[in-house]
Amino acid sequence: MAIIPADFELPLQLHPVKLSDMFSLNGVSKRFGSFTALHPLDVAFREGETSVLIGPSGCGKSTLLKLMIGLLKPDSGTIHFNNQPISPTNIQILRHQMGYVIQEGGLFPHLSVEQNITVMARHLDWSISDIRQRLADLSALTQFPENLWSRYPLQLSGGQRQRVSLMRALMLDPKVLLLDEPLGALDPMIRADLQQDLKEIFNQLEKTVVLVTHDMGEASFFGNEIILMRQGKIVQKGTIKTLVNQPTDPFVKDFIQAQRQVTVIEGNNP
Amino acid sequence: MSRHSLIRFCFVALAVPLFATRPTDDPIVVGSKKFTESVILGEIIMQTVQQTSFEAIHRRELGGTRVLWNALQGGDIHIYPEYTGTIRKEILAGVAMDSGMAALREALRTQGIGMLSSLGFNNTYALGMLTRTADTLHINKISDLKRFPDLVLGFTNEFMDRSDGWPGLKQVYQLPHTNVRGLDHDLAYRGLANGNIHVIDVYSTDAEIDYYQLKILEDDLMYFPEYQAVILYRLNLDSNAPEVISDLKMLLGTIDASAMSQLNSQVKLERKPESIVAAKWINETFGVTPTIEVKSRWQRIWQHTLEHLFLVTIALGAAILLALPLGIWSAYHTKTGQGILAVVGIIQTIPSLALLVFMIPLLGIGGLPAIFALFLYGLLPIVRNTYTGLKSIEPGIQESATALGLPWLSVLWKIDLPLASRAILAGIKTSAVICIGTATLGALIGAGGYGQPILTGIRLDNMGLILEGAIPAAVMALAVQGLFELSERWLVPRGLRLKRSD
Ligand SMILES: Nc1ncnc2c1ncn2[C@@H]1O[C@H](COP(=O)(O)OP(=O)(O)OP(=O)(O)O)[C@@H](O)[C@H]1O
Ligand SMILES: [Mg+2]
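First, a word on scope: everything that follows refers to the structure included in this document.

## Notes on the sheet that holds strand β8 (residues 199-203) of chain B
Residue and element names in this part refer to chain B. The mixed open sheet is built from 5 strands, whose spatial order is β7-β6-β8-β5-β9. Single-partner strands in this sheet number two, and they are β7 (180-182) and β9 (214-216). Each adjacent strand pair in this sheet contributes to an overall mean axis angle of 35°, direction not counted. Here 2 bridges tie strand β6 (residues 153-155) to β8, and the two strands are oriented parallel to one another. Across the sheet, residue Leu153 finds its bridge partner in β8, namely Val199.

Structure follows, in structure tokens:
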């Protein structure tokens, strides 16, 4: 279980935090043994915006997300959430304001759809009627049929599972959504459907979203802002236009180039 | 006895070791070793004590000299039959003393143990021949063997190896024989009967002496040590229960070697229960009729089932209570966890008999040490399965649970344990089956259970008795296995029992 140890220390705050930043990371780095997964980096995610993390496999995207939700403890630097530095003492409460979705959904196989979505609300002693109401709202939002509430994760399709995972993340109406390749395991048709639905949900909810993807097309579809990473470092941050027109590093061009070719090949084989 | 047997069993199992010095109105506990003669003597002693105002119980077929001696010293038993040679060579080995009963009695007295005089026979090694052969060759004493160097001698391996066995015998009597074979006791009798072997070693009260019509050769040079049968008792009986001791004194000198051989033969070869053989002997010798209770087969099975269940449930329950937290701890604290797994694994490698005997000095005899040993054996499967069950949960699932903001205890209780439930249940099931099997050894230290008829059956070479313990034990193991499979239905969450097919 990744819980931040009690001896976690808060370094001196070196960078002023902008009020409109939902997340701000200052000098955050992470090592696994002798391997540096993230070099010290500074990055902020603005309130209400959808940011996309993209980069080759192993560049540290998931690691960054796990640091933000406190599943990993940074080796250096501070992470502010909503202007509060996160620490082992407050992370559990702060998590109520974050929704987290991973590639395979991370659904609890022993719990029904309904139980999966409401486990946290029940832990917080919400009233039955509140839980029912919220569940119905979310089902409508994510277009998940209510008659499947009593099913178990194993009895759902991949796309349905991701919708349930999203409902679970949204149950407590969090301020931010951290989505780690939420569509990564789906086949292209369902994926396109869900991309569209997700975008509509994001627009409707006006939440701060940080989404990880492999796919440049998906990145530009969702992101106001795209953050391109490579080997534990942020290479460039900006809109898709900026990345295409003003690459700061040859890698940016190469990465976009490679992604385009893939798209073309995909396009030829519908 | 039968109505209160479980209560009494619980009492003896749990209370006795806790109160080494017992109040005098508790029953007198007679012990015996796991060979027929000792059981018969134990039965005679118990029935004699029952003639007094004291209640008596017989804890029969305990593991061996050490077990009985420790139990006697610890107060778990109060009286048991022993042999002077065993006292001298095993119990008081290393204690310097003169020969003779008086010196022995004095040495025991310093340990708080009293010894009555001989019951009337000396059960020692002896050499035996078919009476027919011996008479033809005019052999009466061991010295006579010297004249027949071509005779084939067949000895048990123990007798061949012991310094007070064949090596010393050969030297003292200057025996010239070269054709000496080491072999199993039963085979020796058979070899004797068909003429391949002419002389064998026996105990002077063996049941077979009568049956095979053996002649015991006189030990004319007095080579073999004395193994007079005597009664050992806790000295505090002298003051707490003087009438018991005075009644037991009536037994002294009343059983000679051939009488003992007869009694042994009635049990071993005629297959009569020890209690009946003992009662009959008491009746013939003293004219009193002991009331003995002979249980039917079903009564015995029922009693052994209760005893066995008692051992297994308590041991398994305790094992679950400790092993679950240990397994959970190990899964989340890799370093100490490996240590815990190693220790629990090592416990599992201790031979069960050794573990049982280790327990006696700490916990006495009876149910408590057996339960403790079973408890130790029960740990590993549960700890290991809990550990692997938790370890094999997909990290994404645990991370998702933590990311929701659930505190770790809720993650453990609501997510991790249900997901590991199948593995944990399988561990408990394995543990239960191991416990049921191993508990049969508990009879060796007086814990009762299905091991009791098995032990008796082995001793008497009685397949019926062996099966009386083995079959119910197997049935219990199967039943428990079935029970666990059923319990999966309500302990393992439905979502985990689904097939992908929908
Ligand atoms: N628990 C861990 N122990 C050791 N190394 C790790 C651990 N978690 C991640 N890493 C390493 O850190 C690096 C970054 O991992 P991360 O999961 O953040 O990559 P990613 O960008 O999400 O890749 P992908 O697109 O394949 O999901 C990788 O090289 C990975 O092998
Ligand atoms: Mg990743």
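Continuing now.
## Description of the interface of chain A and chain B
Contacts between the two partners involve 28 residues from chain A and, on the opposite side, 28 residues from chain B. Summed over both sides, the interface of chain A with chain B buries roughly 2,600 Å², with 66% coming from carbon and sulfur. For the pair chain A and chain B, the number of links is 1 salt bridge. In this structure, Glu399 of chain B engages Lys66 of chain A in a salt bridge whose closest nitrogen and oxygen atoms are separated by 3.6 Å. Taken together, the elements giving at least two residues each to the side of chain A that touches chain B come down to α3 (113-123) and α5 (158-170) of chain A.

## Quick look at the environment of Ile102 of chain A
Its location among the elements puts Ile102 of chain A in the loop between β6 (98-101) and α3. The spacing of Ile102 of chain A and Pro182 of chain A is 80 residues in sequence and 5.5 Å in space, taken between C-alpha atoms. In this structure Ile102 of chain A touches Gln162 and Asp180 of chain A together with Gly396 and Ser400 of chain B, once residues within four positions along its chain are discounted.

## Quick word on unusual backbone geometry
Residues and elements named next belong to chain B. Look at His138: it is not a glycine, yet its phi comes out positive at around 55°. The residue His138 is located in the loop between α6 (131-137) and β6 in this model. Phi at Arg271 takes a positive value of approximately 60°, unusual for a residue other than glycine. Relative to the helices and strands, Arg271 resides in the loop between α13 (257-268) and α14 (274-286).

## Here we look at the sheet that holds strand β9 (residues 225-230) of chain A
All names here are of chain A. Judged by pairing direction, the sheet is mixed, and its 6 strands sit side by side in the order β6-β7-β8-β3-β9-β10 without closing on themselves. Two strands close off the open sheet at either side, each with one partner strand: β6 and β10 (233-238). Each strand axis lies, on average, 15° off the axis of its neighbour in the sheet, ignoring direction. As judged from the 4 bridges shared by β6 and strand β7 (residues 176-180), these two strands associate in the parallel manner.

Reading guide: rules and limits
Residues numbered from 1 in each chain as written. Chains lettered and ligands numbered in written order. Predicted model: local features only at pLDDT ≥ 70, side-chain atom pairs only at ≥ 80, totals over all residues. Heavy atoms only, no water. Pairing = 2+ DSSP bridges. Helix = DSSP H or I, 4+ residues; strand = E, 2+ residues; numbered from the N terminus. Axes fitted to C-alpha atoms, helices over the stretch in contact; angles between N-to-C directions. Contact = heavy atoms within 4.5 Å. Buried area = accessible area lost by both parts, 1.4 Å probe. Salt bridge = Lys/Arg side-chain N within 4 Å of Asp/Glu carboxyl O.

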